[in-house]
Amino acid sequence: MYVLPASTTSFLVLIFSTVCMLNFIEAARNNRHVTCGTVLKLQNTDYKVRLHSHDVKYGTGSGQQSVTATELQEDVNSHWAVKAATGKHCERGEPVKCGDTIRLHHLATNKNLHSHHFQSPLSGNQEISAYGDEQGEGDSGDHWLLICSGDSWVRSNAVRFQHIDTDMYLGVSGRTFGRPINGQMEVVGLPNPYSGTEWIAAEGLFIHPTEKDSGSRVHTEL
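Residues numbered from 1 in each chain as written. Predicted model: local features only at pLDDT ≥ 70, side-chain atom pairs only at ≥ 80, totals over all residues. Heavy atoms only, no water.

### A look at the packing of aromatic side chains
Next up, step 1: This structure, assessed with the given rule, holds 1 aromatic pair.
Next up, step 2: Residues W153 and F161 carry aromatic rings whose centres are separated by 5.6 Å and whose planes lie at 70 degrees to one another, so their mutual orientation is edge-to-face. Here W153 and F161 have matching classes, each one buried. (Phe/Tyr/Trp six-rings, centres within 6.5 Å; stacked < 30°, edge-to-face > 60°. Buried < 20%, exposed > 50% of the residue type's maximum accessible area, 1.4 Å probe, protein only.)

This is how it looks when you write it as structure tokens:
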């Protein structure tokens, strides 16, 4: 049985390792964007809390489903799917562009991130709620302008969301609820894009842009 010389074996191992590393770098490059159909958790960069909702309605204001922010990383009620505006279509796996109008769809309750001219319960800013019918369809109050630098939404970069109907920015007030959602922070619409309005893609299920037709996905811990 023929055995390759040690020098040849080392050379082949080096080539194999190099190819694997190049493939890893290429995969990382292709998976650096948030794409249409991505399911993710959004973390506020100032308060280190994740955008959250649950089947608990506001006792004031609109009375719609409440939206809060939680410190818990593992909570399944913090999953949001990135979708096109109502009546529009974005191709699954295509990077979301800066300046796109999108919806953020809450998976657990089938409602959309929403805002309108109601006061938030703790700080008196603009209320943020979750809204939609049994099919997950709402109205123009579900539309958010993606504000980011560059051409498209990069996972590692902070972004802002500006409400189309009211021009308010999705943010966290820093105030904390008591029962029945003790310890969760108030999510609000703020008039200025300053403190508490930047968000970053945290854990998620990210669809590979170059493999969208095959259904391939890349995920981090949900």
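### Looking at the state of the cysteines
A covalent bond between the sulfur atoms of two cysteines is what we call a disulfide.
Next up, step 1: Taken as a whole, this structure holds 2 disulfides when the rule is applied.
Next up, step 2: The disulfide that involves C36 links it to C90, with 1.8 Å between the sulfurs. Between C36 and C90, the disulfide has an S-S torsion of 55 degrees and is therefore right-handed. Of this pair, C36 sits in the loop between helix 1 (6–30) and strand 1 (39–44) while C90 sits in the loop between strand 4 (80–84) and strand 5 (101–106), and the two are 54 residues apart along the sequence.
Next up, step 3: Note that C98 is cross-linked by a disulfide to C148, the S-S spacing being 1.9 Å. The sign of the -120 degrees torsion about the S-S bond sets the C98-C148 disulfide as left-handed. Separated by 50 residues along the polypeptide, C98 in the loop between strand 4 and strand 5 and C148 in the loop between strand 8 (144–147) and strand 9 (160–163) bring together distant segments of the chain.
Next up, step 4: The connectivity of the disulfide bonds within the chain can be written as 1-2, 3-4, using the sequence rank of each bonded cysteine. (Disulfide = S-S within 2.5 Å. Helix = DSSP H or I, 4+ residues; strand = E, 2+ residues; numbered from the N terminus.)

### A closer look at the confidence of the model for the chain
Next up, step 1: Looking at the chain, pLDDT values average 86 and 80% of them are 70 or higher.
Next up, step 2: When the criterion is pLDDT under 50, residues 16–30 qualifies, and its contacts beyond four places in sequence or with other chains add up to 3 contacts. (pLDDT = per-residue confidence, 0-100. Contact = heavy atoms within 4.5 Å.)

### What about the nonpolar core?
Nonpolar side chains in soluble globular proteins tend to be buried together.
Next up, step 1: In this structure, L51, L113, W153, F161 and L170 are the most contacted members of the largest nonpolar core, which totals 28 residues.
Next up, step 2: Among the elements that take part in this core, strand 12 (residues 199–207) stands out by supplying 3 residues, more than any other.
Next up, step 3: Excluding residues that lie within four positions of it along the chain, L170 makes contacts with L51, L113, I128, W144, F161, V187, V188, G196, T197 and W199. (Core = buried A, V, L, I, M, F, W, Y, C linked by side-chain atoms within 4.5 Å.)

### Quick word on the environment of E74
Next up, step 1: By secondary structure assignment, the location of E74 is in the loop between strand 3 (65–70) and strand 4.
Next up, step 2: Along the backbone, E74 and K41 are 33 residues apart, and their C-alpha atoms lie at a distance of 9.9 Å.

### Re the pattern of salt bridges
Next up, step 1: What the rule picks out here adds up to 4 salt bridges.
Next up, step 2: Measuring nitrogen to oxygen at the nearest pair gives 2.7 Å for the salt bridge that ties E203 to R50. Residue E203 is located in strand 12, and its partner R50 is located in strand 2 (residues 50–57); the two are separated by 153 residues in the primary sequence. There is no split in this pair, since E203 and R50 are both buried.
Next up, step 3: For R103, the salt bridge is made with E137, and the minimal N-O distance between the two is 3.3 Å. (Salt bridge = Lys/Arg side-chain N within 4 Å of Asp/Glu carboxyl O.)

### Here's the deal with the pairing of strand 3
Next up, step 1: Judged by how many residues are buried, strand 3 sits mostly within the fold: 6 of 6 residues are covered.
Next up, step 2: Covered by surrounding structure in strand 3 are Q65, V67 and A69 together with S66, T68 and T70, the residues of both alternating faces.
Next up, step 3: Two elements, strand 2 and strand 3, share 5 bridges in a ladder whose sense is antiparallel. Pairing of K57 across the sheet is with Q65, part of strand 3.
Next up, step 4: In terms of strand pairing, strand 3 meets strand 7 (residues 126–131) through 2 bridges, oriented antiparallel. Looking at strand 7, one finds that Q65 is bridged to A130.
Next up, step 5: Where strand 3 meets strand 11 (residues 185–190), 2 bridges bridge the pair, whose relative direction is antiparallel. Note that in strand 11 the partner of T68 across the bridge is E186. (Pairing = 2+ DSSP bridges.)

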